[in-house]
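Results of the structural survey
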Amino acid sequence: AVTSVFGFGSSYVGPAMDDWKGAAKTKGLPVDYTPTNSPDGIGRYGLRTADFGGTEAEVSSLEAAGVGGQPTRERGFQYVPDVAGATAVMYNVSDASGRHVDYLHLNAGTIGRIFSGDITRWSDPAITATNGGKPLPDQPIRLVVRSGNSGTTALFYDYIAHAAPGPYATFMQRSGMGKFLPDTRPINLEGAGIAGYNMQFLANSSQIAEFIGGQQWTIGYDEFAYAKLYGVQSVWVQNASGNWVQPYAENIAAALRGAHLRPDLSQELSGVYANGDPKTYPISAYSYVMAPCNPAPDRDTCRSGYTEQGKTETMSGFLDHIACQGQLNMAAIGFSPLPPNLSQEMMNSVSRLTGQPPKQLNAGNCANPTFHGGLGAGSSSPPDPFIALGGVDKLTKGGNGGESKKDTTGGPAASSSSQNAGVATASATGDNDEDLANGGSKDWRAAEPAAYDSGGFGGFGAWAALVLFVAIITPLVVRGIARRVSRR
Amino acid sequence: MSDTTEMSTVDAVDGIDYLDAEYADGPAASTREVRLIGGPPVGAATLESRDVGAWFGDRLVLDAVSLLMPAREVTALIGPSGCGKSTFLRILNRMHELVPTASLAGEVLLDGQDIYADGTRAQQVRLRVGMVFQKPNPFPAMSIKDNVLAGLKLAGLKCDDKDALVEQSLERAGLWREVRDRLNAPGGALSGGQQQRLCIARSLAVRPNVLLMDEPCSALDPTSTRRVEQTIAEIGHEVTVVIVTHNMQQAQRVSDHCAFFLAAENEPGRVIEHGPTEKIFAEPDDPRTYDYVNGRFG
Amino acid sequence: MSDTTEMSTVDAVDGIDYLDAEYADGPAASTREVRLIGGPPVGAATLESRDVGAWFGDRLVLDAVSLLMPAREVTALIGPSGCGKSTFLRILNRMHELVPTASLAGEVLLDGQDIYADGTRAQQVRLRVGMVFQKPNPFPAMSIKDNVLAGLKLAGLKCDDKDALVEQSLERAGLWREVRDRLNAPGGALSGGQQQRLCIARSLAVRPNVLLMDEPCSALDPTSTRRVEQTIAEIGHEVTVVIVTHNMQQAQRVSDHCAFFLAAENEPGRVIEHGPTEKIFAEPDDPRTYDYVNGRFG
Amino acid sequence: MTITTARAGEPPPARRPIDDAPSRVDKVFRRVTTGGGITVLVLLVVIGFFLTLQSAPALRYAGFGFFSTVEFNTTADSPVFGVLGMLTGTITVALIAVFIAVPISVLAALFITDYAGTRLRGLLTGLVDLLAAIPSLLYGLWGFSFLAPQVEPVTAWLSRNFSWIPLFATKENATLTQSMFVAGLVVSLMVLPITTSIIREVFAQTPPGEKEAALALGGTRWGMVRSVVLPFGRGGIVGGAMLGLGRALGETIAVSLLLPQLPSIVTHVLESGGATISGFIAHNAGISGLGLNAMMAAGLVLFLFTLATNFSASIIISRSRSGAGVDA
Amino acid sequence: MATLLDKPVAPARRVPKAKRRTAVSTPEDRLVTLGCAASASLLTWFVLHLLLDSPGWLADLVVAYAIFLGMLYLVFRDRLGKLAAMDRLVTTIVFTGALGLLLPLLFLLVYIVVKGAPHLRLDFFVEDQSAVSPVDPSTEGGGLHAIIGTLEQTAMALLFVVPLGLLTAIFLNETRSRLRKPVRVFVDAMSGLPSIVAGLFVYAALIIPGAVRGSSFFNYSGFMACIALTVVMLPTVTRTVDVVLRLVPDGLREASLALGASRARTVWSVVLPTARTGVTTAIILGIARVVGETAPLLFTAAGSTLLNLNPFAGQQEALPLFVYRYVQTSVEAQRERGYVGALVLIIIIFVLFAVARIVGRNRTARKPRRTRTRESS
Ligand SMILES: Nc1ncnc2c1ncn2[C@@H]1O[C@H](COP(=O)(O)OP(=O)(O)OP(=O)(O)O)[C@@H](O)[C@H]1O
Ligand SMILES: Nc1ncnc2c1ncn2[C@@H]1O[C@H](COP(=O)(O)OP(=O)(O)OP(=O)(O)O)[C@@H](O)[C@H]1O
Ligand SMILES: [Mg+2]
Ligand SMILES: [Mg+2]
């Protein structure tokens, strides 16, 4: 009989899991997955309160951070790659005239320095240089990051470490994580918050996406699927070949061709960052299911399978589903399907779990689009808006009035919204219009920064009100006193 | 308001004369003139009820009670339990309306003015018509002195010599001598009879025209009862007193007039008979009155 | 209700005969013999207190009370409030010890046996010495019938004819005629006087030897009082009755013997005088008794 | 008849031990009920024991520093964690809540006991009970999605115009959602029914005699309330506030929805930031390793802290009740 | 003519005169109050909207209220004097206080109904969330798994709480043990125990040690949730039952004892039946309180989108968890699901409350039982 299996862990893979478990249910496989964060998944897996985990972080990084890992090793595990994904850099910025920026381009070094706290203002020349040469308003950069432990944090900061090693080292030092092992990354940034970096901590991916959507002058990292889900702008990132890319399936797939997988299938990503393929989106990574396995010669982390046969059946069925059928929709929701070799690795994992020989996949028995030479619907990236303009430094061709800006920024806005898989860029543009209509209005949100500086009563109006109030009240008081006096 | 001159001649109960030249040389402080500022007119007042009826919810508990309670006399209300004596008493100073379901009909005239007339404020009425309850209810957290002065504070009155007022009121309630050394002791620390007299003093301090008393002695021991009766007899010369009592002897002892209330089963209470106390007790007109005062029922 | 047919024949009280298959020879239902199984000895008993003293905490409230309450007679305990009458009464059926701070001295002999003797179970004593309280307290969750039978159920007694017992007890309490048509109505639905008689019936159902009553009429109206007094007079011939009352007329009307309790200030209560009721009321030995029964205090 | 005052001068007679031989049923009854009663004691001890057990490694690691460290960082290479930041956050939120809730509770309780008519009184008393039964989750949900956005402009306005008052100060460009103030506001709504019902209960016990006396002396209703009800109910107000504080301290869900849950000592209550123990725990339900132990230790602190608060509250309330019997 | 006049005027049964009004406030008072309110709101509008930037309706309200109070006091003082003005002022403030208590409730209810009702379908009670993806419209799937979980967990908790709570309350009221006082204080203290601590306790004491050993019983499950809920509910129920038992007049206990009953018998036959409705009410209110508990479930039942009928193994959903999880997400459809759950939760609580009220009301009403007649026996 099948038995329910319960998973916890990565929120990175959450949208994919939602897709998979729904489909598994229709196949009679009761699987549940609660997206929290990767370390949580590994931890619960180790405590055996979870039947499987979802993770991008590795057990070693947890051990380095001192939040467990030991019980996980005791239980035994295997990393099973389940999907490829990417971390998007989301932002919410307005330009000098108060309109939403939807074209932000950042190169690796700049991203690294921003998230290492080295660049702290939006007007920084490094940002200006890749965004048309016209500085953004001189506002502080607010980093939106995950509170608590997170595998996405570990993944992202691995990229930061490669993109800007110097600032990253300083950052780690200041945050109290300086003695980390050379190849382990922070899974938790609270140390940085304590050290005084301008960070907004939020509990999960959806809160981050929502927060950035609603709050100006912010920038953060989040799984790309959430950016799509919430309609938040993502940065165009410059890859090793100098191209500007966003994390669509083709870019992720291209990038991960440079990934190096260790024998236990865990990933080493420096090859991805350096991948010269022009389509590469450099902050791409595989996500993993952490599942138990029976001791096998090629895995020294395996201890034993499930004690319940029902769980083994459900889990193997589930992994089977992910390997092929499950990869169909991945591109559409912001991931990239696994390449054929990794789908086959999934089947090998299943065999380690069940003890049966692995099923051999081929184009005939596997629906994974990569077996059929594609990536599935929604896999291709929209064009870089700056290409049409002739380069990242060509944003403003002169003129600084609202007219000309509208002209120039209108182009990218239109093009990206038309192709962004129909998600909410349209509404973002709507916001723009509204803000323009309200330009200089009394809406407190839009109040000029200067308003924050004036303490006390808000200028003349308050005093007038006070005088008026006194004028009304005084006669009453005077009359009262007069009566009292006359009564004596 | 300077209508307190009448007060200056307040007789010492024991017949001791006194002077009141600037409070300095008076032998007894109680005789000093104390002026209340902002209070109602001082002096006893005649209270008259006309066709008073009372309901609790839809139940009529009192019907067509017309009674004259003359100034400076003690009127006793007697009758078996549940016949509406307390209700009537509470109508006389507008405490009745505090019961959420209560309503009433008829008029109550205080010196000829209807206390239920439109625009009359209950608070003002209660200031003129004081009340003493069955169970002594001093404010336990306040000192004896503050208890006496509580009425002033509550009614927003001012007084130019509080100590004198305290002494005077306690004196009139017959409590001065017992407590003058511990005016700052809490009111709750007195014995039951003393507490009751403290309540009387408290009521007297605001110079009411009428004092209503609802079984003021029923919770007291015999000695205290005596003492309170004595107090009633004394103040009866100055203010109009209306007293409810279950004790026939007491009614005989303290009252000048007497009204007998009776409620037949499922009928509202009515005044069966009223008149001078001697007459009610000696030769009542109504046989039911006779039965009642002679302990045939109740 | 199929018992209405039979009800029609139960006019026993008015002297009409009726037939009864099993108890064919009984002229009235109330006279049928109902056997209680497991109960105490039936019949009135003499109660005697010897040198009884009582404390609440460290305060002695009753001192050296020696009193004989003869079988089949009504003894009234009178005295001003707080002199320890209730305390004494509660000592007589071991209710006193329910007050956590209470303790006592002396002996209470029920038919010669000390009810406080070692190994005597309070429960057994209370079964023999019933009690009726000041405020009628029928069990509100039970019907009238269940109320009467409550004692049986509570004491774990059995009875061979419950309906007869109910009828008999209610008859003796003078309530049968009023409630026989609604034995299943809740006990709380009766009037005060009926409730009190229901409580008497409830106490009688377990066939106590002695019945103690603590101001059983003080919460009742005059009519109900009359009715209860009548009941007391009737059951007084069958069980020993001890009654506390504040009402001198009532004491005179219902009791054969009378004991006057008095507690001087800060002194424990004592029996000042006891003897036949006529004597206590007509020519008491002690002047305090004279004062008290003539309404000089209290 | 002999007058039995012969012993007047003598020492009182010896007391008799009252010996009741309880029946077997009663013995069993006593044992069973005592067992039931003791379960509660045992349960509390067991809770404390297991929390201590699980938090021991963390406490051993951090030592006394656990109570003096603000940050809670179990993932640094030398973990630094302590409960101080969360504890101050917890207390701040609770105090804000109580400061808002108690005045309203007192007023509402007064309204119910002394101003409303009988029918309304019954209705309101029931309503307050109903309010108390509404899960804090729903309050939190409402506060999170409805109230906080409504309050935000007001706090923005406050911080813009009154930032010279330290209480209203905010950093430049600070986020104003997710602030201690908003959390306190929502928690105050949750403790309102509890404090109201306690205070109402105490107010309702005000001796009616004293109230009538105050009115009969010519006092207004306010005069009556001020001179009788409030002095009488003082203990109840304090006790209700303490109990409300206890509730507010332990409130989890609403604050976990409303605060970012980053332990720090928050000085700008209008501005985003801060954590409470319970909210932090709820947030980190899946933490493991040393973090789990540290979290358990934080839970233990919360447990002891609320116990202490509730103990004092219940003592204050029972005091005030026994005070009510003085005049009886 | 004469006969007509002779007709008796029936002095005995006179029709009483009309009742008289004794209202506290006069129409004039009300008019003045209204005037003050109008003028205060105008002034506020003038000051906040014409002279200043109003930061929103909340600030308007506060300012208008303050102005209103000031005006009211001054006007009444002018008319009736200081005392009456103060009285009036306090009356107004007190009334506002009551509103301050009730309005949030009203807002809350309306908000949840408005947000939840449009998406509530009957399907909600028959489907679970296992086959639903986040972007599906909120009418897809349902909350059956959550409702079942809540029912199972609460019902099992009741199995522990009712006997234990009753025993403890009886212990507190009907025995004279020296432990009574400490127990009562502990119960009081425990009733304020943060519910998350209850969850943490079960997690620390049962789940962690059990799960690591591979036990499926000592792992996330409905039963573990039930234990945590028991810890939460026990003191609440004990306290309310304690209060109810305390309300049983001592006279009844004494009457019972005076009839020769044992203590146990008195409790069983007199005290409990008398307090039965109160006890029922207390238990229902205990349920109402515990049905909405979220925090302890985070550590015990842990939530799930699958329907899990077995409370002894596997994660289980409960309504509060359902709501908690979904309202935190920012996907509109997910949030709508959360609001539907909240609406259902509130309906459950209202129903429980109504039942408690109805039970509580019929305190004396009792179905008459048929008499057993002598003939039939
Ligand atoms: N608050 C109330 N609500 C309803 N009915 C009431 C209320 N107060 C008194 N009654 C009823 O009104 C009637 C008259 O009561 P009242 O207290 O005036 O009698 P009384 O003559 O003072 O009796 P007692 O001598 O016992 O004090 C009684 O039948 C009583 O039941
Ligand atoms: N439970 C108690 N705890 C302490 N003292 C008590 C208790 N019950 C009664 N007393 C005191 O014992 C004394 C005697 O009380 P008791 O009730 O026996 O008097 P009583 O004669 O019945 O008075 P009453 O006529 O008012 O009923 C009183 O002074 C009373 O204050
Ligand atoms: Mg009366
Ligand atoms: Mg007594």
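None of these values were measured; they are calculated from a predicted model. (Residues numbered from 1 in each chain as written. Chains lettered and ligands numbered in written order. Predicted model: local features only at pLDDT ≥ 70, side-chain atom pairs only at ≥ 80, totals over all residues. Heavy atoms only, no water.)

**Looking at the overall build of chain D**
A count of helices and strands for chain D gives 10 helices and 2 strands. The order of helices and strands in chain D, counted from the N terminus, is α-β-β-α-α-α-α-α-α-α-α-α. The C-alpha radius of gyration of chain D comes to 26 Å, more than 25% above the 20 Å expected for a compact globule of 328 residues. Counting only C-alpha atoms, chain D reaches 95 × 55 × 35 Å along its principal axes. Out of the 328 residues in chain D, the part that is buried amounts to 63%. Sequence separation of at least 24 residues holds for 73% of the intrachain contacts in chain D that already meet a minimum separation of 6. Summed over all atoms, the accessible surface of chain D reaches about 11,500 Å², with 67% contributed by carbon and sulfur. Here chain D holds 20 positive side-chain charges and 16 negative ones, and the gap between their average locations is 8 Å. (Helix = DSSP H or I, 4+ residues; strand = E, 2+ residues; numbered from the N terminus. Rg over C-alpha atoms; globule rule 2.2 N^0.38 Å. Buried < 20%, exposed > 50% of the residue type's maximum accessible area, 1.4 Å probe, protein only. Contact = heavy atoms within 4.5 Å. Areas by Shrake-Rupley, 256 points an atom, 1.4 Å probe, with all protein chains shown as cover. Lys, Arg positive; Asp, Glu negative; His and termini not counted. Charge placed at Lys NZ, Arg CZ, Asp CG, Glu CD.)

**A look at the interface of chain D and chain E**
On the chain E side, the residues contacting the 79 residues of chain D number 80 residues. Carbon and sulfur atoms make up 82% of the area that chain D and chain E hide from each other, which totals about 7,300 Å². The largest per-residue losses of area from chain D upon contact with chain E belong to Phe29, Leu137 and Trp142 of chain D, which jointly make up 8% of the total buried on that side. Along the contact surface separating chain D from chain E lie 0 salt bridges. Inspection of the chain D/chain E interface yields 12 residue pairs in polar contact (both at pLDDT 80 or more). Considering each element in turn, the side of chain D that touches chain E owes the most residues, 19 residues, to helix α1 (residues 24–62) of chain D. Looking at the side of chain D that touches chain E residue by residue, the class counts come to 53 nonpolar, 22 polar and 4 charged. (Buried area = accessible area lost by both parts, 1.4 Å probe. Salt bridge = Lys/Arg side-chain N within 4 Å of Asp/Glu carboxyl O. Polar contact = N/O pair within 3.5 Å; in protein donor to acceptor, adjacent residues only side chain to side chain. Nonpolar A, V, L, I, M, F, W, Y, C, P; charged D, E, K, R; others polar.)

**Examining the site of ligand 1**
All names here are of chain B. Looking at ligand 1, there are 13 residues lining it, with Ser81, Gly82, Ser86, Thr87 and His246 nearest. At 3.2 Å, a backbone N or O of cysteine 83 approaches an oxygen atom of ligand 1. Considering ligand 1 on its own, with 630 Å² of exposed area, one finds that the protein chains cover 64% of that surface. Looking at the shell around ligand 1, the elements that each hand over two or more residues are β3 (59–69) and α1 (85–92). Per element, the largest residue contribution to the shell around ligand 1 is 3 residues, and it comes from α1. (Near = heavy atom within 4 Å.)

**Things to note about the packing of aromatic side chains**
The full count for this structure, using the stated rule, is 44 aromatic pairs over all chains. The interplanar angle of 50° and the centroid separation of 4.9 Å between the aromatic rings of phenylalanine 171 of chain A and tyrosine 197 of chain A together place this pair among those described as tilted. Taken as a pair, phenylalanine 171 of chain A in helix α8 (residues 165–174) and tyrosine 197 of chain A in the loop between α9 (190–194) and β7 (199–202) lie far apart in primary sequence, 26 residues in all. Here phenylalanine 322 of chain E and tyrosine 326 of chain E contribute two aromatic rings whose centre-to-centre distance is 4.8 Å and whose plane-to-plane angle is 90°, an arrangement assigned as edge-to-face. Of this pair, phenylalanine 322 of chain E and tyrosine 326 of chain E both sit in helix α13 (residues 319–328), 4 residues apart, which is roughly one turn of the helix. By relative accessible area, which is 0% here, phenylalanine 322 of chain E ends up buried. For tyrosine 326 of chain E, a relative accessible area of 5% gives the class buried. An aromatic cluster is built from Tyr61, Phe64, Phe66, Phe67, Phe72, Phe81 and Phe280 of chain D, whose rings are joined through pairwise contacts. A cation over a ring is seen here: arginine 202 of chain B above phenylalanine 139 of chain B, with NZ or CZ 4.6 Å from the ring centre. The ring of tyrosine 326 of chain E carries the charged tip of arginine 325 of chain E above its face, separated from the ring centre by 5.4 Å. (Phe/Tyr/Trp six-rings, centres within 6.5 Å; stacked < 30°, edge-to-face > 60°. Lys NZ or Arg CZ within 6 Å of the ring centre and 35° of its normal.)

**Observations concerning the interface of chain A and chain E**
Taken together, the contact pairs 37 residues of chain A with 38 residues of chain E. Across the chain A/chain E interface, buried area totals approximately 3,200 Å², and carbon plus sulfur atoms make up 60% of it. Of all residues in chain A, Phe6, Leu47 and Thr49 of chain A give up the largest surface area on contact with chain E, accounting jointly for 16% of the area buried on that side. Inspection of the region where chain A meets chain E yields 2 salt bridges.

**A closer look at the confidence of the model for chain D**
All names here are of chain D. The predicted model of chain D averages 82 in pLDDT, with 91% of residues at 70 or higher. Ranking the elements of chain D by mean pLDDT puts strand β1 (residues 72–73) last with 78 and helix α2 (residues 84–115) first with 92. Below pLDDT 50 for its whole length, residues 1–9 participates in 17 contacts with residues either more than four positions away or in separate chains. Scored below 50 in pLDDT, residues 322–328 makes 5 contacts in the model with residues more than four places away or belonging to other chains. Both scores are available for the predicted complex, with the pTM at 0.82 and the ipTM at 0.81. (pLDDT = per-residue confidence, 0-100.)

**Structural notes on the side chain of threonine 128 of chain A**
Residues and elements named next belong to chain A. Tracing the sequence through the fold places threonine 128 in helix α6 (residues 125–129). By relative accessible area, threonine 128 is classed as buried at 10%. If near-sequence neighbours (up to four positions away) are discounted, threonine 128 is found in contact with Ser123, Gly133, Lys134 and Pro135.

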